[in-house]
Amino acid sequence: MKKVIAGIVAAMTITGAAARMGAAAADKDIVDTAVAAGSFKTLAKALQAGDLVETLKGAGPFTVFAPTDEAFAKLPAGTLEALLKPENKPKLQRILKAHVVAGRVMAADVVKISSTKAVSGDTLTIAARDGGVTVDGAKVVKTDIAATNGVIHVIDSVIVPKDE
């Protein structure tokens, strides 16, 4: 069992780029850290459209499972454009809040739990197997990117609550 957990933690070790991002982010909040990384332009745009930028610049702490631009590109054609429309703000906010957990949950903690409650109220399923971790089916690809008000874990898909 110890070998399995050690393997999972080793598999979740931050890559060189994420390590550089984490070191540079020590003095930035979650939003500024994500923007500085350059691979979260779509997330930043969605946070603005959902009026959630100031929330994630708040004291926190927050844990954000952050989908990359490539993750947003996997959504069905037209989905993102529709979500960014003002009339769909409540739906966009729920989807974005499904990526946020109150508190600072580091990778070593994530592998010990099977679910957690997102600030949207949705329960996220955590699965650690085959040397990796998924959150509601989204693969965690980089972990423990520190920010002044929390931590970011990078995921490869957008988490969409099942009833959205």
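Scroll up a little and you will see the structure.
Report on the accompanying structure.

What counts, and at which threshold
- Residues numbered from 1 in each chain as written.
- Predicted model: local features only at pLDDT ≥ 70, side-chain atom pairs only at ≥ 80, totals over all residues.
- Heavy atoms only, no water.
- Core = buried A, V, L, I, M, F, W, Y, C linked by side-chain atoms within 4.5 Å.
- Buried < 20%, exposed > 50% of the residue type's maximum accessible area, 1.4 Å probe, protein only.
- Contact = heavy atoms within 4.5 Å.
- Salt bridge = Lys/Arg side-chain N within 4 Å of Asp/Glu carboxyl O.
- Helix = DSSP H or I, 4+ residues; strand = E, 2+ residues; numbered from the N terminus.
- Pairing = 2+ DSSP bridges.
- Axes fitted to C-alpha atoms, helices over the stretch in contact; angles between N-to-C directions.
- Parallel < 35°, antiparallel > 145°, perpendicular 65-115°, else oblique.
- Left-handed = near helix turned anticlockwise from the far one by under 90°.

**Considering the nonpolar core**
Formed by 27 residues in total, the largest nonpolar core has its most connected members in Leu43, Leu47, Leu56, Val64, Leu96 and Ile152. Excluding anything up to four places from it in sequence, leucine 56 contacts Ile30, Val31, Leu47, Phe62, Val64, Val100 and Asn149. If you look at the next biggest cluster of nonpolar residues, it comprises 15 residues, including Val111, Leu124, Val140 and Ile159.

**Describing the pattern of salt bridges**
Counting across every chain of the model gives six salt bridges. Across the salt bridge formed by lysine 89 and aspartate 51, the nearest N and O atoms sit 2.4 Å from each other. One end of the pair, lysine 89, is in helix α8 (residues 89-97); the other, aspartate 51, is in the loop between α4 (41-49) and α5 (53-56), and 38 residues separate them in sequence. The partner of aspartate 122 in a salt bridge is arginine 94, with the nearest N and O atoms 2.4 Å apart. Note that aspartate 122 is positioned in the loop between β3 (115-117) and β4 (123-129) and arginine 94 in helix α8, a separation of 28 residues in sequence. Per residue, the accessibility class of aspartate 122 equals that of arginine 94, and both read buried. Each of the salt bridges in this network shares a partner with another, and the network as a whole consists of Asp29, Asp32 and Lys57.

**Quick word on the sheet that holds strand β7 (residues 150-155)**
Through backbone hydrogen bonds, the strands of a sheet pair up, either in parallel or in antiparallel fashion. Pairing in this open sheet of seven strands is mixed, and the strands run β2-β1-β7-β6-β5-β4-β3 from one edge to the other. At either end of the open sheet lies a strand with only one pairing partner, and these are β2 (100-102) and β3. Neighbouring strand axes in the sheet, compared pairwise and without regard to direction, differ in orientation by 30° on average. Alignment of strand β1 (residues 62-67) against β7, held across six bridges, turns out to be parallel. From the neighbouring strand, alanine 66 faces β7, where its bridge partner is valine 154. Across the sheet, helix α3 (residues 30-37) lies against β1, β6 (138-147) and β7, angled at about 40° from β7, the strand it touches most.

**Quick notes on the pairing of β4**
The pairing of β3 with β4 spans three bridges and is antiparallel. Each residue of the ladder has a partner; that of serine 115, found in β4, is threonine 125. Hairpin connection between β3 and β4: a loop of five residues separates the two successive antiparallel strands, and glycine 121 in this loop has a positive phi of roughly 95°. As judged from the four bridges shared by β4 and strand β5 (residues 132-135), these two strands associate in the antiparallel manner. Within β5, the residue paired with alanine 127 across the bridge is threonine 134. The hairpin turn running from β4 into β5, its antiparallel successor, is two residues long, and aspartate 130 in that turn takes a positive phi close to 55°.

**Remarks on the packing of α4 against α8**
Their axes nearest at 9 Å, the elements α4 and α8 cross at an angle of 130°. For the element pair α4 / α8, the angle class is oblique. Both α4 and α8 take part in a crossing whose hand is left-handed. On the side of α4, the interface is formed by Leu43, Ala46, Leu47 and Ala49, while α8 contributes Lys89, Leu92 and Leu96.

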